[in-house]
Amino acid sequence: MSEQLPQIILVGRPNVGKSTLFNRLIRSNRAITHDRPGITRDRMEGIVRRRGLPVFGIVDTGGITLDAHATVTEGPEGIRGFEEDILAQAEAAMQHAVAVAFVVDGRDGLLPLDEHLAAHIRRKGLPTLCVVNKVDGLEREDEQMAEFHSLGFPLLPVSAEHGHNINALCEELAALLPAPAPGDSAPDPAPPTLRLAMLGRPNAGKSSLINALAGEERMIVSDVAGTTRDSVDVRFSVDGKEYVFVDTAGIRRRSKITDSVERFSVNSSIKSSTKAHVTLLVLDATEGVSQQDKRLMDMLDTRKIPFMVLINKCDLVPPRALDQLRQNVGNSLAFCRHVPILTVSALKRSGLRKILPLATQIHAECQIRIPTGQLNRAMETALTRHQPPVVKRVRAKFFYLTQAETAPPTFVFFVSDAERVPESYARYLERALRHLFAISHAPVRLHLRSSHAKGHKKN
Ligand code: GDP
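Residues numbered from 1 in each chain as written. Predicted model: local features only at pLDDT ≥ 70, side-chain atom pairs only at ≥ 80, totals over all residues. Heavy atoms only, no water.

A.B. asks: Looking at this model, I keep getting lost on the packing of helix α12 (residues 372-385) against helix α13 (residues 423-436). Mind explaining?
C.D. replies: Geometrically, a packed helix pair is captured by the angle between its two axes and the distance between the axes. Their axes nearest at 10 Å, the elements α12 and α13 cross at an angle of 130°. Taken as axis vectors, α12 and α13 run oblique relative to one another. As α12 runs across α13, the sense of the crossing is right-handed. Mapping the contact onto sequence places Ala378, Ala382, Leu383 and Arg385 in α12 and Tyr425, Tyr428, Leu429, Ala432, Leu433 and Leu436 in α13. Partitioning the contact of α12 with α13 into residue classes produces nine nonpolar, no polar and one charged. (Axes fitted to C-alpha atoms, helices over the stretch in contact; angles between N-to-C directions. Helix = DSSP H or I, 4+ residues; strand = E, 2+ residues; numbered from the N terminus. Parallel < 35°, antiparallel > 145°, perpendicular 65-115°, else oblique. Left-handed = near helix turned anticlockwise from the far one by under 90°. Contact = heavy atoms within 4.5 Å. Nonpolar A, V, L, I, M, F, W, Y, C, P; charged D, E, K, R; others polar.)

A.B. asks: Sorry, what's going on with the packing of helix α1 (residues 18-26) against helix α5 (residues 166-174) here?
C.D. replies: Close contact between α1 and α5 brings their axes to 10 Å; oriented N to C, the two are set at 85°. When the interaxial angle is binned, α1 and α5 end up roughly perpendicular. Contact with α1, carried on its side by Leu21, Arg24 and Leu25, involves Ile166, Leu169, Cys170 and Leu173 of α5 and no other residues of that element. Here the residues of the contact of α1 with α5 are counted per class, giving six nonpolar, no polar and one charged.

A.B. asks: Is there a simple way to explain the pattern of salt bridges in this structure?
C.D. replies: Oppositely charged side chains can form a pair if their charged atoms are brought close together. Evaluation of the coordinates by the stated rule reveals nine salt bridges. In this structure, Arg13 engages Asp108 in a salt bridge whose closest nitrogen and oxygen atoms are separated by 3.2 Å. With a gap of 95 residues between them, Arg13 in the loop between β1 (7-11) and α1 and Asp108 in the loop between β4 (99-105) and α3 (112-124) connect regions that are remote in the sequence. You can call Asp108 partly exposed: its relative accessible area is 35%. Residues Asp105 and Lys134 are paired through a salt bridge, measuring 2.8 Å at the closest nitrogen-oxygen approach. Of the two residues, Asp105 sits in strand β4 while Lys134 sits in the loop between β5 (128-133) and α4 (141-146), which places them 29 residues apart along the sequence. Neither residue differs from the other here; Asp105 and Lys134 are each classed as buried. One network of salt bridges, with partners in common, ties together Arg13, Asp108 and Asp114. (Salt bridge = Lys/Arg side-chain N within 4 Å of Asp/Glu carboxyl O. Buried < 20%, exposed > 50% of the residue type's maximum accessible area, 1.4 Å probe, protein only.)

Here you go:
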């Protein structure tokens, strides 16, 4: 089976952590790892799966047989004299691969053997990702990454031992694969259930909206307070896709005890958001935007929770007032313009049809994973279109862009001096990335890291 899959090969000098990475990628402990170079290992082959489906074969060239030679001392120094073997082995292993994961050690830094291997790999011309292993903490990440830029490959920091960035690694490696021939693509796996949270003040119409969307009277709107906790999650499906509203018992309980006194806590209501993929914040069109609604929006924004705003009960408000309200809500969301605002009526069932597809889109945008090569081309484009401003007589240099996380997509710019990048320019970069990668409604995070190291090469 693995023979039919395209193969990606792990190349790297001994002791950089290839076996541990290999195990992480195939999610098992099959390969035995050793801290010392010089231990014979067989060529290991495994299959990397995503959502249970095989995506590519992975080969570990760990079997660099240094044992054949006499004694081997520990550490990178110990492989002196065996470079030829290592290079030859890597060369042979690359014959059948479609792409290369070139593994280096972020703690050891860039060694001459890494450079030799890199030269071999470049000569092969296979798509290559440089995996900087043993990057265990964010504090030193830019420092550890800096000198590897000169190799000219896209970089990804990981920690095989701690499992940091392993999903990202799978995705970036999958992105190196040649496009499948038409007709032999695997069937799409069933989409996972989309988890939704409904937030908003008591009586805004949350229960009514859930009922309207779920298509049945799952929650009885006028039920007695807090008598049952069995309907915490409301599951339903629309057009073959599964959805679940989480924590709906909380909605009912809160809405019923409160009555006229608002005892609705921003903190506790936001908890259900953290269990959901997408949050729906419901406002009551007849009440306008309250202080609490504003606090909720602020909190959702700062926590980078993906959400949309539903202005409910729009059947009770004349169109002109509704426009005004939309504008007010828009002003409250001035710093997160990506958040969609819909006007709906649970009672008249108007405007509801857009909600679930929009939630699905937001969730998909949160999962987006952009290969490093594309990111850096995008960065160049953005920098060329508007260069960074001069701050205190110096213009910040941008070296490199990488995506550190998904959900929400998190982008890290390595720059000469983050202090010299004004907020307005960071916002411009965010807009540019959103535009280039069609991230319309998901939150994104942007980090600027100062990287003072020398040796940055423009490639
Ligand atoms: P919750 O506390 O947020 O769950 O709010 P409910 O769903 O219990 O609704 C509070 C009240 O508003 C109920 O009397 C609903 O019938 C009413 N309501 C909900 N949605 C609408 C709507 O779109 N239009 C009108 N006119 N009334 C609504």
